[in-house]
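Residue-level structural notes
Letter by letter, the chains look like this.
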Amino acid sequence: MRRRLSTIVFALTLGAALGLGVTAAVVTWMIPRDRTVPLTEENLQQAQRRWDEHGPNSYDLDLSIGGLRAGTVHIEVRHGEVTVMTRDGHTPRQRRTWDVWSVPGQFDTLETELSAMADPQRGFAAPPGARVVERVLFDPEFGFPQRYVRSVLGTQLGIEWSTTR
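Residues numbered from 1 in each chain as written. Predicted model: local features only at pLDDT ≥ 70, side-chain atom pairs only at ≥ 80, totals over all residues. Heavy atoms only, no water.

Section: the overall build of the chain
So the rule is basically this: Counting from the N terminus, the helices are DSSP H or I runs at least four residues long and the strands are E runs at least two residues long. Type-normalised accessible area, obtained with a 1.4 Å probe on protein chains alone, sets the label of each residue: buried when under 20%, exposed when over 50%, and partly exposed for intermediate values. We call two residues in contact when some of their heavy atoms are within 4.5 Å. Shrake-Rupley sampling with a 1.4 Å probe provides the accessible areas, and residues are treated as covered by the protein chains on show and by no other component.
Counting its regular elements, the chain contains four helices and seven strands. Sequence-ordered secondary structure for the chain, helices as α and strands as β, is α-β-α-β-β-β-α-α-β-β-β. Burial status across the chain gives 32% buried among its 165 residues. Long-range contacts, defined as pairs at least 24 residues apart, comprise 47% of the intrachain contacts of the chain with a sequence gap of at least 6. Total accessible area on the chain is roughly 11100 Å²; 57% of this is exposed by carbon and sulfur atoms.

This is the structure in structure tokens:
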């Protein structure tokens, strides 16, 4: 009887350990990994070169924007010109805002953001001594920004955008 009881306890312990191991592996696999890297002049220039060499001249792009002015953007570019742009389903009246979300416009924004890192108080209206973190993920084939995150730690001044389609 004792031998049988110890076999049952061993089997239950082994089963529980295997179950926990499998559960931990599945949870780890399902949690999204942050593949962004710090934004640098070097990786920005490399991405722009990839876009210039391999990026399509015509494309549709959907973006999700986070931060104080969260929302969605849809643009359609034909032969290098933005032909359609909507922000949260509405077309902005000011045409000058359309190009901001094109891929070249995103690169211009990233250049401005990178320059603002030199003086976060002036560049981002950050409080004195605030730490700013900028991270980005560029498409490995075409170079366009797939995700950008700027965090001004301890404030609500962060922004982010992600390409959703």
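Some words on the pattern of salt bridges
Here is the rule we go by: For this analysis, a salt bridge means a side-chain nitrogen from Lys or Arg found within 4 Å of a carboxyl oxygen belonging to Asp or Glu.
A full pass over the atoms with the stated rule returns five salt bridges. Where Asp60 meets Arg78, a salt bridge forms, and the shortest distance between an N and an O atom there is 2.7 Å. Residue Asp60 is found in strand β2 (residues 59–67), and its partner Arg78 is found in strand β3 (residues 71–78); the two are separated by 18 residues along the sequence. By relative accessible area, which is 31% here, Asp60 ends up partly exposed. Taking relative accessible area as the criterion, Arg78 reaches 31% and is therefore assigned partly exposed.

Comments concerning helix α2 (residues 41–54)
Stated precisely, the cut-off is as follows: A helix's residues, less one, multiplied by 1.5 Å, set its expected span. What the arc measures is the spread of directions leading from the helix axis to the C-beta atoms.
With 14 residues, α2 ought to run about 20 Å at 1.5 Å a step, and its terminal C-alpha atoms sit 20 Å apart, in line with that. Among the residues of α2, those classed as buried are Asn43, Leu44, Ala47, Gln48 and Trp51. One face of α2 carries all of its buried residues, which in axial projection span an arc of 140 degrees. Of the exposed residues in α2, the ones pointing more than 90 degrees away from its buried face are Glu42, Asp52 and Glu53. Looking at the buried side of α2, the elements it contacts are β1 (37–38), β2, α3 (103–116) and β5 (132–138).

Examining α3
Look at α3: 20 Å from first C-alpha to last across 14 residues, which is about the 20 Å you get at 1.5 Å a residue. Those residues of α3 that fall on the buried side of the exposure criterion are Val103, Gly105, Gln106, Phe107, Leu110, Glu113, Leu114 and Ala116.

Fair warning: the whole summary comes from geometry, so function is off the table for now.
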